[in-house]
Amino acid sequence: MAYRPNITELQKAGINEKDGLYEFVLTLADGTQCRVFYNRFPEWKMTNINRLLTTPCPVCRKDFICKCMDAFAGHINQQIQDRQLIDKALS
C-alpha cells in the first residue's frame, strides 16, 4: 500500500459518557477528514471509521461513500494511541 495516512488533528465530536462511546473527527495531512468512533470500556478500542465526504477518497478517488479507510484503521488507531491524541482531544 503506497498510501500512508498521517493524522494532523483530532477533535472531539460527541460523547455518550453512560455507555462509554466517543466520536472524534480527524484530519489527515492530505486534507481528508474521517469520523472515528471509540468505545472506552474496558479500554480504548476503535469501533468504526468513516471518511467524511469533503474531498475525494485519496485511495480510490471516488467522490462518494467507500470503505477504503477500513484498510487503514489499524494504522490510524496506532497513531492515535502512540501520540495520545484521545487524551489531548478530551482535555
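A brief structural summary. Sequence order sets the numbering: in each chain, residues are counted from 1 along the sequence as written. With the structure being a predicted model, the display of local features is reserved for residues of pLDDT at least 70 and the display and counting of side-chain atom pairs for 80 or more, all residues being used for whole-chain, interface and lining totals. Excluded from the side-chain calculations are hydrogens and water; all other atoms, namely the structure's heavy atoms, are used.

1. So, the sheet that holds strand β1 (residues 7-16)
Turning to step 1, where the next piece is worked out: Strands qualify as paired when DSSP identifies two bridges or more between them. Each helix corresponds to a stretch of at least 4 residues labelled H or I by DSSP, and each strand to a stretch of at least 2 residues labelled E; elements are numbered beginning at the N terminus. Taking strand neighbours across the sheet as the criterion, the 4 strands line up as β1-β2-β3-β4 in an open arrangement whose pairing is antiparallel. Edge positions in the open sheet fall to β1 and β4 (45-51), since each of these has one partner strand only. Across the sheet, the axes of successive neighbouring strands diverge by a mean angle of 25°, strand direction being ignored.
Turning to step 2, where the next piece is worked out: Bridge analysis of β1 against strand β2 (residues 21-28) gives 8 bridges, and the strand direction is antiparallel. Among the inter-strand pairings, Gly-14 is bridged to a residue of β2, identified as Glu-23.
Turning to step 3, where the next piece is worked out: Whether two residues are in contact is decided by their heavy atoms, any of which lying within 4.5 Å being enough. Lines are fitted to the C-alpha atoms to define the axes, a helix being fitted only along its stretch in contact, and any angle between axes, read from their N-to-C directions, falls within 0 to 180 degrees. The strands touched by helix α1 (residues 73-82) within the sheet are β1, β2, β3 (33-39) and β4, with β4 carrying the most contacts at an inclination of about 120°.

2. Describing the pattern of salt bridges
Oppositely charged side chains are able to pair whenever their charged atoms sit close together.
Turning to step 1, where the next piece is worked out: One side-chain nitrogen of Lys or Arg within 4 Å of one carboxyl oxygen of Asp or Glu is enough to make a salt bridge. Under the defined criterion, the tally for this structure stands at 1 salt bridge.
Turning to step 2, where the next piece is worked out: Of the charged contacts in the structure, one is a salt bridge between Glu-23 and Arg-35, with a shortest N-O distance of 2.7 Å. With a gap of 12 residues between them, Glu-23 in strand β2 and Arg-35 in strand β3 connect regions that are remote in the sequence.

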